[in-house]
Amino acid sequence: MLVLLILHLVAALVAPLLVRWWGPRACYPLALAPAAAFGWALARTPAVRDGGAVVETYPWIRQLGLDLALRLTTLSWLMTLLVGGVGALVLVYSARYFGPGSVGLARFAAVLVAFAGAMLGLVLADDLLLLYVCWELTTIFSYLLIGHSTERRASRWAAAQALIVTTLGGLAMLVGFIMLGEHAGSYRWSEIAAGPLPGGAYLVTAVLLVLTGALSKSAVLPFSSWLPVAMAAPTPVSAYLHAAAMVKAGVYLIGLLAPVLAAVGPWRPVVLVAGLATMLTGGWAALRQTDLKLLLAYGTVSQLGLLAVVVGAGTPDAALAGAAMLLAHALFKAALFLVVGIVDHGAGTRDLRELSGLGRRAPLLATVAVLAAASMAGLPPLVGFVAKEAVLAAFTDRPAVLAVLVAGTALTVAYSARFVWGAFATRPGVAPTGVGRVAAPMLAPPALLAVLGLVAGPAAGILDALLSPYAELFGAVGGHLALWHGPSPALGLSALAVAGGAALHALRGPLAPALARLHVPIGGNQGYEWVIGRFDRLAIEVTGVTQRGSLPQYLGAILLALVVLPGGAMLATRPWRDRIDLWDTPLQVVVVAVVAVAALLAVGARRRLTAMLLVGMTGYGSAMLFVLYGAPDLALTQFLVETATIAVFVLVLRRLPQRFSARPRRRRWLRRAIGLAAGVAAAGLALTAAAARRAPTISEAFPDLAVAQGYGRNVVNVTLVDIRAWDTMGELAVLVVAATGVASLVFQRSRTGPRPRRPEPSGRARRPGRPVWLRGGVTLHERHRSIVLEVVTRLIFHTVVVFSLFLLFSGHNAPGGGFAGGLVASLALVVRYLAGGRDELAEAAPVGAGTVLGAGLLVSIGTGVIPLLAGGSVLESARVDLWLPLIGDFYLVTSLFFDVGVYLVVIGLVLDILRSLGAEVDRHIEAAGSPAGGLRVDREGERP
């Protein structure tokens, strides 16, 4: 199972490259990933046929007891077949749906395959936290797929709405999962289901929270509005996400939990009321639609309500019927969406008022649509009929629920007939519509799905044997799936529903005014838009009161809160030790005095540059304290960070006034008092934290762990890349996000910037007596050049870069590492920029900062995942013993590659800052005509 997930990940990563090579035809090889999942599940049929399970467990985060626990049972087997099979067919369909040169095709293919992998992980996960991770991944990928057409506002709005609704529901579900897992002492659902459940309000709260997530994902009321709006997505996305995969996630979760939680008080009322209301309102709304895709969308909402009712009812017969309906719905609804895509692709419209005569012009396509629509309407001998009759039979003992189900089924028949009539009938007064020749790769997927729906009906006995193990989790199964049970109440009710639906369609003309007048809650987004509008208004009002545009006010409020709340509690309890050692050596007193004086002078400084230098002095003083305390690694990092920070400050100060704005004396003393109080409070909190420890610190074991498991003597670096590598991974993600934020706020064009202008080897650009030490230097005006700085930069640049590599490779056993090495290399780039300007920076680093950041993050993540393939845990290090001539025996630790990722991310971050706050700000200054930016000269040495 893990191999299948990795296969989807690899396919998603190579998808852009394949699309670049082969265009839309790349979808054919990409379809092999979900097809492999389908084939694997099919091969595991004997293992789950008798109620067995296929289990795989891989260590993940041992400290949290969290493993990659995967489990295939009857229900997840069925979902794996749907996710893999329909996913493969949709990718085959997409190869012809998208034409050559389609915008965003590479992104579409990659995200669709990644979504298939996330959905596969969701249905196979036995651990609830792993299930939640995959749940949110499907949310993110669906957001990208729904918003595929980024140039269209409707697509962006639909994607945002789906993301907000399903994410909020997912967060509620996570809280419910945590409540269940913490009570059981395990997050594996197989273990939770086997153990005792909590009682009372605790369990009721957990159940309601989990149901909130499930209903929001499957677009059940009151969360239905996002699904019809999501039809802004390309048709293959609708066929996969909104018919076979994503919207089934909530139904799957209900079916997974129902054997254990269906007896809990609020479960059945919530599921039955919400599901039945959704079935009726969705079916009624479908009858009002003139867009074929929207008709199917509202029909999907209606069917999801039905599935929630049947799967969540908590009885054996309903569970069996729900599993059959789950299969039937995926087959007929995916086929119908694909048919709509063909109609839209060929006719250029989905409006049934503009379509006429397609049944005669495309008989094969019409046949496929009729088969799928007949299964949706529940007509024999298709599998939809088998499932529908099983549903009605399962609720014969609940007359109220049964009556609503019959009414909802009649609506299903009516909008199924409306679909076929609207798409393929001949209308008087409407010009015949042609679709041209339908390509086989486009017609084959919906045809195969429709034929499977036809074959599965007579094969109901086989389906019964395969799906019964799931129903038996609820108890003894009374009914069975069959195409013909003989005369029965369910058969009569089914016939009544078909007759009622046919009558509704026949009376569509007289009923049109009633349909137009009767609006239903699911028919629009007024509720969602009202809620979002109120939140926007509240945000504006709160922002207007609290955000006055003064950074000192914001910082003052934060620091005052720090002083008053934690500081007040600290003074009240006085938890620090009785005796405090103020220093170990007089040198520490000297350094602290220097830091204190620099801080006081910085507060009183009037010039920004002076204040910045004094603040830098406090940072260097802190580094000296690290030296005196015997922490060379921390001292080296602090020196480098402080130097890089000063360089960034210098870049920013170019666009700020030289002096601070004048403030009244009283306000200045108030700020100094707040700063002093905050400093005292921070010192007290540090003492409090040190005195509050009761258990031995875990860092005492780090030196031994660094040698035994990290294979290094530098405890600091081994901690970063091995012992606490998860923390470092999070920090890398933060750095990448920060760099992206800086670039997005500053850049008005590509982050890479133009290529440097290489000066001619001769001509006026190369002045006599002035050797070209740096190629970018000649592009600067004379008064902005420093020949001394250019010479020094030329001499030391390569040495500094080599030294950074030395720190990188030696950091496992000596002071250094990827972070320190990356900072040293970054400072070398800073020097090149300061000496030669932005053209020299482009000459020194002719690569995009985003590329370097992405490569670093990819190397770090890849290094963390690779140990899983060898049977280890994530981010586990291994030692490789090597021998080379002239060098002899030595060893290599795999965490070095993780450190290489850190090295690249740091360089990418600084490069992004230099190109945004440096090069891009230079352009802004020059565009404004300010002399501070310097004047460039062209190749002939003339000022532009």
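Residues numbered from 1 in each chain as written. Predicted model: local features only at pLDDT ≥ 70, side-chain atom pairs only at ≥ 80, totals over all residues. Heavy atoms only, no water.

Here's the deal with the overall build of the protein
Okay, step 1: Of regular secondary structure, the protein possesses 37 helices and four strands.
Okay, step 2: Burial status across the protein gives 50% buried among its 944 residues.
Okay, step 3: Pairs at least 24 apart in sequence give 78% of the contacts found in the protein among residues at least 6 apart.
Okay, step 4: Across the protein, 73 positive and 48 negative side-chain charges occur, with their mean positions spaced 11 Å apart. (Helix = DSSP H or I, 4+ residues; strand = E, 2+ residues; numbered from the N terminus. Buried < 20%, exposed > 50% of the residue type's maximum accessible area, 1.4 Å probe, protein only. Contact = heavy atoms within 4.5 Å. Lys, Arg positive; Asp, Glu negative; His and termini not counted. Charge placed at Lys NZ, Arg CZ, Asp CG, Glu CD.)

A look at the environment of E843
Okay, step 1: One can find E843 in helix α35 (residues 818-844).
Okay, step 2: E843 sits 11 residues away from R832 along the chain, and the two C-alpha atoms are 9.2 Å apart.

Quick notes on the pattern of salt bridges
Okay, step 1: Evaluation of the coordinates by the stated rule reveals eight salt bridges.
Okay, step 2: Between R188 and D67 there is a salt bridge, with the nearest N and O atoms lying 3.2 Å from each other. Here R188 is found in the loop between α8 (153-184) and α9 (189-194), whereas its partner D67 is found in strand β2 (residues 66-72), with 121 residues between them in sequence.
Okay, step 3: Between R537 and E541 there is a salt bridge whose closest N-O contact spans 3.3 Å. Placement of both R537 and E541 in helix α25 (residues 526-546) is noted, with a separation of four residues, approximately one turn of the helix.
Okay, step 4: Residue R537 is classed as partly exposed on the basis of its relative accessible area of 47%.
Okay, step 5: Connected via shared salt-bridge partners are D291, D344 and R350. (Salt bridge = Lys/Arg side-chain N within 4 Å of Asp/Glu carboxyl O.)

Comments concerning helix α22 (residues 460-471)
Okay, step 1: With nine of its 12 residues buried, α22 lies for the most part within the structure.
Okay, step 2: Buried within α22 are the following residues: A460, L463, D464, L466, L467, S468, P469, Y470 and A471.

Points about the packing of aromatic side chains
Okay, step 1: According to the stated counting rule, one finds eight aromatic pairs in the structure shown.
Okay, step 2: Each ring, one from F115 and one from Y240, has its centre 5.7 Å from the other, and the planes form 80°; the classification is edge-to-face. Remark: Y240 occurs in helix α12 (residues 235-241) and F115 occurs in helix α6 (residues 105-124); sequence separation between them is 125 residues. The pair formed by F115 and Y240 is uniform in burial state, with each residue classed as buried.
Okay, step 3: A ring pair is formed by Y470 and F474, whose centres lie 5.6 Å apart and whose planes are at 85°; its orientation type is edge-to-face. The residues Y470 and F474 share a single accessibility class, namely buried. (Phe/Tyr/Trp six-rings, centres within 6.5 Å; stacked < 30°, edge-to-face > 60°.)

Looking at helix α36 (residues 849-869)
Okay, step 1: Over its 21 residues, α36 extends 31 Å from the first C-alpha to the last, a length consistent with the 30 Å expected when each residue adds 1.5 Å.
Okay, step 2: Of the positions making up α36, those classed as buried are A849, V852, L853, G856, L857, S860, T863, G864, P867 and L868. (Expected span 1.5 Å × (residues − 1).)

Points about the pairing of strand β4 (residues 888-893)
Okay, step 1: Here strand β3 (residues 879-884) pairs with β4 via six bridges, running antiparallel. Among the inter-strand pairings, R879 is bridged to a residue of β4, identified as V893. (Pairing = 2+ DSSP bridges.)

Thoughts on a nonpolar patch on the surface
Okay, step 1: On the surface, L9, V10, L13, V14 and L858 cluster together into a nonpolar patch covering about 440 Å² of accessible area.
Okay, step 2: Per-element tally for the nonpolar patch: the top contributor is helix α1 (residues 2-22), with four residues.
Okay, step 3: In this structure, L13 sits in helix α1. (Patch = residues over 30% accessible without salt bridge, like charges linked within 9 Å, V, L, I, M, F, W, Y side chains within 5 Å. Areas by Shrake-Rupley, 256 points an atom, 1.4 Å probe, with all protein chains shown as cover.)

Observations concerning unusual backbone geometry
Okay, step 1: Between L221 and P222 the backbone carries a cis peptide bond, its omega angle lying at 10°.
Okay, step 2: For P222, the position within the fold is in the loop between α10 (200-217) and α11 (226-229).
Okay, step 3: Omega for the bond connecting P380 with P381 falls within 30 degrees of zero, at 5°, which places this linkage in the cis form.
Okay, step 4: Structurally, the position occupied by P381 is in the loop between α18 (363-377) and α19 (383-394).
Okay, step 5: Despite not being glycine, A219 shows a phi value in the positive range, around 55°.
Okay, step 6: Within the secondary structure, A219 is located in the loop between α10 and α11.
Okay, step 7: The backbone phi angle of Y711 is positive, close to 55°, even though this residue is not glycine.
Okay, step 8: Note that Y711 resides in the loop between α31 (702-708) and α32 (715-723).

Let's talk about the confidence of the model for the protein
Okay, step 1: When pLDDT is averaged across the protein, the result is 83; 91% of the residues are at 70 or more.
Okay, step 2: Per-element averaging of pLDDT across the protein places helix α24 (residues 508-517) at the bottom with 66 and helix α3 (residues 32-43) at the top with 92.
Okay, step 3: Taken together, the stretch residues 753-769 has pLDDT below 50 and engages in 29 contacts with residues farther than four places along the chain or on a different chain.
Okay, step 4: Across residues 931-944, where pLDDT falls below 50, the model places 38 contacts with residues more than four positions away in sequence or in other chains. (pLDDT = per-residue confidence, 0-100.)

Focus: the environment of I646
Okay, step 1: Looking at the secondary structure, you find I646 in helix α29 (residues 632-653).
Okay, step 2: The class of I646 is buried, set by a relative accessible area of 17%.
Okay, step 3: Linking I646 and L609, residues 37 residues apart in sequence, is a C-alpha distance of 9.7 Å.

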